[in-house]
Structures are given as structure tokens and as C-alpha cells.
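Read off the chains here:
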Amino acid sequence: MRESILSVRNITKTYPGVVALNDVSMTFEKGEIHALLGENGAGKSTLIKVISGAIQPDSGSILFGEKEFTKMSPGSARENGVAVIYQEFSLVEALSVAQNVFLGEKRGLLVDNKDVQKRAAEIFKEMNVSMDPAAQVRKLSPAKKQLVEIAKAISSDARILIMDEPSAPLSASEVETMFEIIGKLKSQGVTIIYISHRIEELFRISDRVTVMRDGRYVDTLITRSTNRKELIDLMVGRELKEYYPRRSNAPGEVVMEVKNLSGLGDENISFSVRKGEILGVAGLVGSGRTELASIIYGAVPKDGGETWIDGKKREIHSPDHALKYGIGLIPEDRKHHGCIMYASVKFNIVLSVFNKTARFFMVDSKAQNKTALYYKEKFNIKTPSLEQKVINLSGGNQQKVILAKTLAANTNILIFDEPTRGIDVGSKQEIYNLMIDLVNQGKSILMISSEMEELLGMSDRLIVLCEGRFMGELPREEFDQRHVIELASGHH
Amino acid sequence: MKINLRGLQKYAVMFILIILMVLFSFSSPYFLTIRNLTNIITQNTYFIILAIGLSFVMIGGGIDLSVGWQMSLVGVVTAMCMTLYHLPVWLAILIGILLGTLLGFFNGMIVANIKVFPLIVTIATSTVFQGISYIISQARTYRSYPDQFLFIAKGNVLGIPFDVLLTILIVLFASFIYYKTSYGWNVLALGGNEEAARLAGIKTKAMKISVYTVCGFFTAVAALVMIAKANTTNSSFGPGTEFTALTAAIVGGISFMGGEGNMLGLVTGVFILAVLGNGMQLAGWGTYAQYIVKGIILLGAVSFDELQKNARRTRRKPVMPITPLKGDMEK
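What counts, and where the lines are drawn
Residues numbered from 1 in each chain as written. Chains lettered and ligands numbered in written order. Predicted model: local features only at pLDDT ≥ 70, side-chain atom pairs only at ≥ 80, totals over all residues. Domains from an automatic or database assignment. Contact = placed C-beta atoms within 7 Å. Helix = DSSP H or I, 4+ residues; strand = E, 2+ residues; numbered from the N terminus. Nonpolar A, V, L, I, M, F, W, Y, C, P; charged D, E, K, R; others polar. Pairing = 2+ DSSP bridges. Buried ≥ 20, exposed ≤ 12 C-beta atoms within 10 Å, placed from the backbone. Axes fitted to C-alpha atoms, helices over the stretch in contact; angles between N-to-C directions. Parallel < 35°, antiparallel > 145°, perpendicular 65-115°, else oblique. Right-handed = clockwise from strand over helix to strand, strands pointing away. Left-handed = near helix turned anticlockwise from the far one by under 90°. Expected span 1.5 Å × (residues − 1). pLDDT = per-residue confidence, 0-100. Arc of directions from axis to C-beta.

Undergrad: Give me the lowdown on the domain arrangement of chain A, citing residues and values where you can.
TA: Residues and elements named next belong to chain A. By the assigned domains, chain A splits into domain 1 (4-236) and domain 2 (254-488). Here domain 1 and domain 2 have C-alpha centroids that lie 33 Å from each other. Of the residues lining the interface, 9 residues belong to domain 1; the matching set on domain 2 comes to 10 residues. The biggest single contributor to the side of domain 1 that touches domain 2 is helix 8 (residues 228-236), with 3 residues. Residues belonging to the side of domain 1 that touches domain 2 are distributed by class as follows: 5 nonpolar, 3 polar and 1 charged.

This is the structure we're talking about:
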């Protein structure tokens with residue numbers, strides 16, 4: 001039995017109408033990498049917040065070695081060596097790297113900038129990464145920012161480092177760097193609690209994995225003696241069949257062709273999409289995929305190139321032009337680009353059409369209700385009423401609302417940017433089924449995704465981008481993960 | 001947090017108004033007289049009209065702090081048209097309203113084309129309007145308007161004072177716009193999430209210009225009512241009203257962050273401030289104490305607005321409400 005550094009005992013946390021954590025107990029050992037796995041809403045984030053003192057549990061206790069706490073404050077969590085790296089970084093953008101690393105440090109009125117930078121440089125040297133301690137944090141990439149967060153945790157002598165989806169903003173090589181660093185921290189006796197949706201990663205680095213579901217503790221397994229299927233079954237509580245639905249329809253004629261499209265760092269990108277086809281767009285973060293979608297959709301001005309729809313050249317300079325020619329976008333950032341979070345489900349669904357159906361500026365209320373109800377039932381949007389605000393829906397249902405909004409505008413070519421990001425496993429399946437239904441109806445889909453499995457499982461063809469350049473195109477028969485990764489990282 | 005604060009606020013403002021009226025009726029026997037209550041209503045018609053204008057900008061996600069000096073400029077120009085140049089009343093009114101609309105359009109063009117906080121833009125333009133107002137008026141006072149013009153303040157239609165009737169019509173009209181017209185829905189979409197609205201094909205830039213223009217229009221109407229009531233004006237008439245209108249709008253549940261609001265709440269908001277002012281006056285508190293109270297109320301209302309946005313923002317898991325939230329789009 002190894003030394004326990006942190007345990008939670010019978011933690012329960014309720015919010016009105018929902019039990020976020022239900023009698024959860026688990027133990028973390030010194031110097032292990034312990035993965036937390038669960039669908040959205042399984043209670044992982046709430047548990048982290050309880051441990052880090054951001055919220056107080058209703059009952060239960062937290063033990064640091066022998067010390068027992070019934071509630072935590074952020075201060076006492078820090079004193080006990082807890083550091084959390086959230087998905088949204090908590091760095092002061094305007095300050096330098098070094099200033100951020102030592103931000104929480106108690107000190108006198110005056111700061112010796114040189115000294116702080118020197119000490120920061122030592123930490124980065126220890127981590128074996130190159131970083132300018134004097135650089136302003138605002139100018140750093142997400143990967144570098146994360147390194148600053150880790151350095152911050154090291155500087156505060158963290159013994160328990162909690163990382164919430166740390167690989168989400170990183171490219172493949174950056175993830176490797178991060179793995180090396182946390183491996184080193186582990187060897188120094190730091191306990192790492194690692195939360196990720198990417199199951200493959202857990203097998204790479206974790207020693208043990210705890211699965212949570214619906215606010216409950218399910219099981220803790222030794223990582224090397226379990227497998228992917230077992231974990232997914234534990235997560236969803238049922239067997240998942242047919243992850244990627246297959247279909248019989250064959251893609252038809254070309255409906256959209258882009259020629260030499262350039263802008264926002266993308267250069268001379270040409271490809272075509274067929275009727276009833278899912279064209280996958282692969283590439284690393286920063287490869288220009290989302291930019292490509294924005295340009296096609298007219299959300300940003302392009303530098304050059306042409307878009308042909310159904311054999312006709314079309315000028316698309318704004319989203320309403322794109323919608324007019326039947327192009328719809330389901331954006332990556334649901335919260336900021338996809339929907340109006342504080343408006344009703346109905347309002348969001350009809351957002352793109354209420355102007356077109358209005359007569360003399362009068363909104364056709366009946367038609368709006370009918371449209372919203374139609375999509376609610378067709379997509380099985382789980383909401384108590386059409387007047388419910390979108391913010392109160394789950395990620396999967398929000399995505400359905402956005403899809404409904406896009407389809408209500410009578411679109412035929414749908415650009416999905418990361419269609420299942422942040423969506424739990426069960427809802428993912430529903431989104432995939434909807435996408436397949438759409439192509440079976442003769443719609444065309446351009447699917448941007450960072451999940452290799454999703455790309456390979458769903459697409460009829462793949463195009464690969466790297467740093468704004470078109471790297472190649474693969475038909476389904478030639479799908480091969482290694483080949484795609486090589487193209488995406490710039491090798492031919 | 002699972003309390004529907006916004007729903008709570010709808011009743012809370014009404015409740016606060018009633019509590020205030022009960023309290024002040026104890027402090028002064030004069031407060032609850034028909035005469036005093038009528039005064040409260042007629043003295044505040046132009047604040048309501050102004051707040052309605054401002055609500056278009058605020059629900060559209062912006063802010064306009066220049067409405068006070070817009071009123072000043074529209075007021076002196078209209079007054080000069082009538083008293084100095086002896087233009088027909090209808091023409092003077094038309095000029096005033098066109099001018100106000102133009103000032104709003106001017107604000108809208110700047111806000112939509114330069115990506116600067118509208119707060120700063122309208123503070124800047126209000127200084128410009130102030131300068132123009134004083135240059136045009138030459139710091140003089142213009143009084144004694146034609147009877148036709150004074151009908152706005154003194155006239156009666158079906159036994160109701162004309163300006164009260166006008167205000168009621170404007171409130172109904174604005175409610176109609178928000179709930180029933182595509183324009184109103186576009187305003188809600190713009191304020192709710194500008195980028196999502198743009199990506200949904202809504203012409204957000206044109207909408208932005210238009211909400212400031214509409215605001216300018218109503219501000220001009222408010223200015224005409226204001227100078228008709230006083231039967232006099234100079235460049236110092238108007239500034240300060242933006243503060244009352246803004247406070248009333250926020251107290252009445254128009255979100256400082258856009259996308260939400262209802263006209264009844266807004267009217268109640270105006271009357272809460274009016275009753276406070278009137279009641280404190282009757283209780284002998286004086287004008288200066290009122291400033292303190294109004295400032296505290298604005299702070300309180302803005303904090304409440306922020307609090308309830310935060311309560312929703314930090315809600316982790318999708319929560320099924322105990323009672324379904326009523327949407328803001330439908331009555």
C-alpha cells in the first residue's frame with residue numbers, strides 16, 4: 001500500500017434540482033498520475049472544486065494525510081499543496097511570464113524583476129522547455145500559457161497538481177512535451193490528478209483511473225490492466241454499439257467547389273464537396289481549418305479565391321450571403337458563436353429565418369413556433385419547453401439547437417466545426433446519427449475535427465491541412481491514421 | 001444557484017414601488033393625494049420616453065450617455081425655430097425630431113464602425129453635443145412658445161393629458177416592436193450575442209446604427225415634451241436626464257449587458273425613482289440627499305444585474321428549472 005496524500009470521504013454536493021456529487025469517496029496516492037474519467041456532468045469538475053476549496057460540500061470530508069477538513073477554502077487548499085490548472089487559464093495576460101509564475105508569492109513591497117526572472121528561468125530549465133521569462137503572457141500560445149501555469153504550480157511547491165483537460169488546446173508534439181513534464185513531476189513525488197476526455201491519453205500516462213458517472217463514484221482501475229472498451233462501458237453504464245453509424249448512400253455530383261481560397265493565413269486551398277458526402281478536414285491546432293470555414297462562410301473577408309455552388313460562381317462576403325446560397329456553419333465555439341445563451345430555445349432555432357418569414361416587419365409567430373417544435377421533436381431536443389433558455393441545456397442539446405437553427409435556414413452544405421467537442425459520449429452518438437441522416441437526405445457535410453477516430457469513422461473523404469496549406473486528399477479506402485498525422489505535421 | 005432572479009426581479013420592482021408608496025404615505029399626509037400622484041405621473045412622462053429610447057440601445061447591447069446633451073441640443077434648436085425664427089410649430093417639431101434622429105445616427109455610425117466601447121464614444125459625443133448646443137443657443141434662454149406647441153404639455157385628449165397619452169402610446173408601441181416585429185427580435189439578438197447574430201445572417205452593423213438612431217428619435221420626442229412642460233429652455237436643460245433614464249432602465253430589469261428587458265419593468269423603474277424623489281422632497285430631505293440615494297440605487301441595480309448573470313454563468317450542470325422560465329420574447 002502506497003502512501004495516501006489526499007482522500008475524499010462521502011462527499012455530497014447538491015444544487016437545487018440536481019445532485020452534483022453523491023456520496024463520493026476516493027483516495028489519491030503520493031506520486032501517482034491518477035486520471036478522472038466521466039461524461040460531462042459526471043461530477044469531475046465539481047469534485048475538483050471541492051478539493052481546491054472553490055466550493056463547499058454539503059457533507060463529507062477531505063483528508064490531507066492525517067488532517068481532516070469538512071470544508072476547504074482556496075487558501076487552505078493551497079497551503080496543503082493543491083494547485084489546479086483549469087481549462088481557462090488563470091494568468092494575468094498583461095504581466096510577464098516570470099511575474100505570473102511568482103504571482104501568489106508572499107513578498108515585500110518591492111519586486112526584484114531580475115531575480116524573479118532568474119528564478120523563473122531556473123524552473124523552466126528544470127522543466128526542460130524554452131521560455132522567455134520576460135515575455136508578456138498575452139503574446140504566448142495556449143501551449144506556452146499552460147507551461148507557465150505548470151511553472152506556477154511548481155513555484156508554489158504544489159504536491160497535488162490537478163489538470164482539467166490539459167491536452168485540449170495542444171498539438172500532438174506539445175502534448176508530448178507536457179507528458180514529459182508531468183512524468184518528471186511524478187518522479188519528484190508530485191501527485192497528478194488528470195482529467196481528460198481523450199481515453200488514449202490516459203493509457204499513455206496514468207497509473208490509475210477513476211470513473212465517475214452521474215455524480216457518483218463508479219470504480220478505480222489500474223490503468224494497465226484495463227482497456228478502452230471497459231472504461232467506456234463504465235462511463236456510460238451501458239454497452240455502446242455502432243459508434244459510427246454506417247450508411248449506404250453513395251456521394252453524388254459536386255455541389256460546392258472552392259478554388260484557390262486564401263485568407264487568414266490559409267493559402268490557395270482548393271477542394272470540392274459532393275452531394276450526400278461527409279468531407280473530413282484534418283489538421284493540427286493552428287493548421288487553418290476553422291479559418292477556412294470562416295472564409296467559406298463569409299464570416300471574415302478573404303484575400304482571394306472563388307467559391308462555386310452547384311456549378312455557379314458565387315460571391316460570399318457575409319454570413320447572410322452564405323445562408324442564401326445554402327451554406328450553414330455549426331461553429332466550434334457554441335457559447336460565443338453558435339447561439340444566444342440567454343435567449344430561448346425557440347428564439348435560437350428561428351434566429352436565421354424570422355427575418356425572412358416576416359411580413360411588413362411582423363414576425364410570423366405561428367410559423368416560428370411550428371419550426372421550433374418541428375426541430376425539437378425531430379432532433380429530440382431535451383428541454384422542458386421551447387421557452388427554456390439555451391444556457392440551461394446540456395452541451396449535446398445546445399448543439400442540436402444550433403443544428404436546428406442552421407437547417408431551418410434551408411441549408412444544404414453544412415460546415416461542422418468540431419461537432420462533438422465537449423459533448424458527452426451518449427450525445428455524441430446522437431449527433432453522429434443526425435449527421436448521417438442529413439447526408440442520407442442528400443445534404444453535404446464539411447466536418448472539421450481534431451478527433452482522429454471521428455474523422456476516420458465518419459468521413460467519406462479526408463482533406464488534410466498544415467499551417468494553412470493543403471497537404472492532400474485521401475479517399476476512404478486509403479484512410480490510415482499514421483498517414484493523416486504525417487500529412488498534418490507537414491510530411492508528404 | 002437555482003433561483004430565477006430575473007423572474008423575481010419582475011415582481012420585485014413592482015413590489016418595491018408599492019412598499020415605497022406605503023412608506024412615503026406615512027411620512028407625509030400629502031403624498032397619497034390624487035394631486036400629488038398626478039404630478040408624479042405628468043412630471044415623468046419625458047423620462048419614460050427617454051428611457052424607452054435608451055432601452056433600444058441597451059437591449060441591443062450598447063449604452064448611450066449622450067442622450068442628455070442630445071436633449072439639450074434638440075431643445076434649444078426647436079425653441080429657437082419657434083421663438084427666434086417664428087417657423088410654424090409643425091416644422092419646428094419636425095426639425096427637432098430630425099435633428100435628434102441624426103444625432104443618434106451619428107452615434108450609431110461611430111459605435112458600429114470604430115470598435116470602441118460605446119460608453120467612451122458617447123461620453124465623447126456628448127461633449128461635442130454640449131459644445132454645439134451652447135454655440136447655437138449662445139447661452140441664451142428661449143421661452144414662451146406658441147399655444148399649439150404647449151398643447152403637448154397642457155392639452156387634453158379624452159380627459160387625459162396629451163403627454164401622458166403620448167407616453168402610453170409610445171410604451172405600447174415599443175412593447176409591440178420588441179415582441180411582435182422582426183426589428184425587435186433583431187435588437188434582442190444583437191444584444192444577446194452580437195457574433196452569433198451576425199453568423200446567423202443578421203445584419204448586425206446596420207442594426208447597431210439603427211438602435212442608436214431610434215434612441216435619438218425618442219430622445220428628441222422626450223426633449224420636446226420637456227421644453228413644452230417648462231415653456232422655456234436653454235442649453236442646461238437635458239443633461240442629467242441620461243442618468244435618471246439609465247438608472248430607471250436598469251432598475252426596471254433592462255440588462256446592462258443587453259438582450260433582455262420589458263417595457264412594463266422600465267416604466268416601473270422610472271416611477272420608483274420618481275416616487276423616491278417626490279417622497280424624499282415631501283419628507284424634507286432636499287435634492288442633494290436624493291442624488292446619494294439615486295447613486296446607491298444605480299449601484300444596487302447594476303450589482304443585481306451582474307449577480308444574476310453570474311449566477312447563470314457559473315451554473316455547472318444543466319439544471320431543470322422547478323418552474324419553466326418564461327421566455328422574454330413572448331408575453
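Don't stop here, the text continues.
Undergrad: Go over the pairing of strand 12 (residues 266-274) of chain A, please, and point to the residues and values.
TA: Residues in a regular strand point their side chains to alternate faces of the sheet. Residues and elements named next belong to chain A. In the sheet, strand 11 (residues 254-263) pairs with strand 12 via 6 bridges, with the strands oriented antiparallel. The residue bridging Met256 from the neighbouring strand is Val273, located in strand 12. Where strand 11 hands over to strand 12, the hairpin turn is made up of 2 residues, of which Leu264 adopts a positive phi near 50°.

Undergrad: I'd like to hear about unusual backbone geometry, residue by residue, with values.
TA: With phi around 55°, A:Asp157 is a residue other than glycine that occupies positive phi space. Structurally, the position occupied by A:Asp157 is in the loop between helix 5 (142-155) and strand 7 (160-164). Residue class for A:Asp157 comes out exposed when judged on the 10 C-beta atoms lying within 10 Å of it. Positive phi, normally seen in glycine, also occurs at B:Ala139, with a value near 60°. Examined against the element boundaries, B:Ala139 turns out to sit in the loop between helix 6 (118-137) and strand 1 (142-143). We classify B:Ala139 as exposed; it has 12 C-beta atoms within 10 Å.

Undergrad: Please give an account of the sheet that holds strand 18 (residues 444-448) of chain A that cites residues and values.
TA: Residue and element names in this part refer to chain A. Overall, mixed pairing links the 6 strands, which are arranged 16-17-18-13-19-20 in an open sheet. Whereas interior strands pair on both sides, the edge strands pair on one side only; in this sheet they are strand 16 (327-330) and strand 20 (469-475). The average angle at which neighbouring strand axes cross in this sheet is 20°, direction not considered. In this sheet, strand 17 (residues 413-417) lies alongside strand 16 in parallel orientation, the contact comprising 4 bridges. When the bridges of strand 17 are listed, Leu329 appears paired with Ile415. On top of the sheet, helix 16 (residues 425-440) reaches strand 13 (278-282), strand 17 and strand 18; it is set at about 145° to strand 18, its chief contact. Across the sheet, helix 18 (residues 481-488) lies against strand 13, strand 19 (461-466) and strand 20, angled at about 30° from strand 19, the strand it touches most.

Undergrad: Any details on the packing of helix 4 (residues 113-127) of chain A against helix 5 of chain A? Residues and values, ideally.
TA: All names here are of chain A. Remark: helix 4 packs on helix 5, axes separated minimally by 10 Å, with the N-to-C direction vectors making an angle of 105°. Our classification of the angle between helix 4 and helix 5 gives roughly perpendicular. On the side of helix 4, the interface is formed by Ala120, Ile123, Phe124 and Met127, while helix 5 contributes Leu147, Ile150, Ala151, Ile154 and Ser155. Of the residues assigned to the contact of helix 4 with helix 5, the class counts are 8 nonpolar, 1 polar and no charged.

Undergrad: An account of the pairing of strand 17 of chain A is needed here, citing residue identities and associated values.
TA: Residues and elements named next belong to chain A. Within strand 17, 5 of the 5 residues are buried, leaving the element largely enclosed by the surrounding structure. Of the two faces of strand 17, both are covered, the one formed by Ile413, Ile415 and Asp417 as well as the one formed by Leu414 and Phe416. Note that strand 17 and strand 18 share 5 bridges and pair parallel. Bridging across to strand 18, Ile415 finds its partner in Leu446. Handedness of the crossover is the feature at issue here: the chain leaves strand 17, passes through helix 16, returns alongside strand 18, and the resulting connection is right-handed.

Undergrad: So what about the packing of helix 12 (residues 241-251) of chain B against helix 13 (residues 263-282) of chain B? Which residues, and what values?
TA: Residue and element names in this part refer to chain B. At a closest axis distance of 7 Å, the pairing of helix 12 and helix 13 adopts a crossing angle of 125°. As the angle between them shows, helix 12 and helix 13 are arranged oblique. When the axes of helix 12 and helix 13 are compared, the crossing they make is right-handed. Across the interface between the two elements, Thr244, Thr247, Ala248, Ala249 and Val251 of helix 12 pack against Leu266, Gly269, Val270, Ile272 and Leu273 of helix 13. Partitioning the contact of helix 12 with helix 13 into residue classes produces 7 nonpolar, 3 polar and no charged.

Undergrad: Account for helix 5 of chain A, naming residues and giving values.
TA: All names here are of chain A. Between the first and last C-alpha of helix 5 there are 20 Å, a value that for 14 residues agrees with the 20 Å anticipated at 1.5 Å per step. For helix 5, the tally of buried residues reaches 10 of 14 residues, placing the bulk of the element in the interior. Listed in full, the buried residues belonging to helix 5 are Gln146, Leu147, Val148, Glu149, Ile150, Ala151, Lys152, Ala153, Ile154 and Ser155. Close packing links the buried residues of helix 5 with strand 6 (82-85), helix 3 (97-101), helix 4, strand 7 and helix 6 (172-187). Phi for Asp157, located one or two positions after helix 5, is positive at around 55°.

Undergrad: Give a description of the confidence of the model for chain B that names residues and reports values.
TA: Mean pLDDT over chain B works out to 87, with 89% of the residues at or above the 70 mark. Here residues 312-331 of chain B is a poorly scored stretch, pLDDT under 50, and it has 45 contacts once near neighbours within four places are set aside; other chains count.

Undergrad: Requested: an account of helix 7 (residues 147-154) of chain B, with residues and values cited.
TA: The periodicity of an α-helix, 3.6 residues per turn, causes residues three or four positions apart to be oriented the same way. Residue and element names in this part refer to chain B. Of all the residues in helix 7, the buried ones are Phe149, Ile152 and Ala153. In a view along the axis of helix 7, the buried residues occupy a sector of 90°, so they form one face of it. Among the structural elements, helix 4 (67-83), helix 5 (89-113), helix 8 (162-180) and helix 11 (204-230) are those in contact with the buried residues of helix 7.

Undergrad: Before we move on, can you summarise the sheet that holds strand 10 (residues 216-222) of chain A with the specific residues and values?
TA: Residue and element names in this part refer to chain A. The mixed open sheet is built from 6 strands, whose spatial order is 6-7-8-3-9-10. The outermost strands of the open sheet, each flanked by one partner alone, are strand 6 and strand 10. For this sheet, the mean inter-axis angle between neighbouring strands, taken without regard to orientation, is 20°. In this sheet, strand 10 lies alongside strand 9 (residues 208-213) in antiparallel orientation, the contact comprising 6 bridges. Note that in strand 10 the partner of Val211 across the bridge is Asp219.

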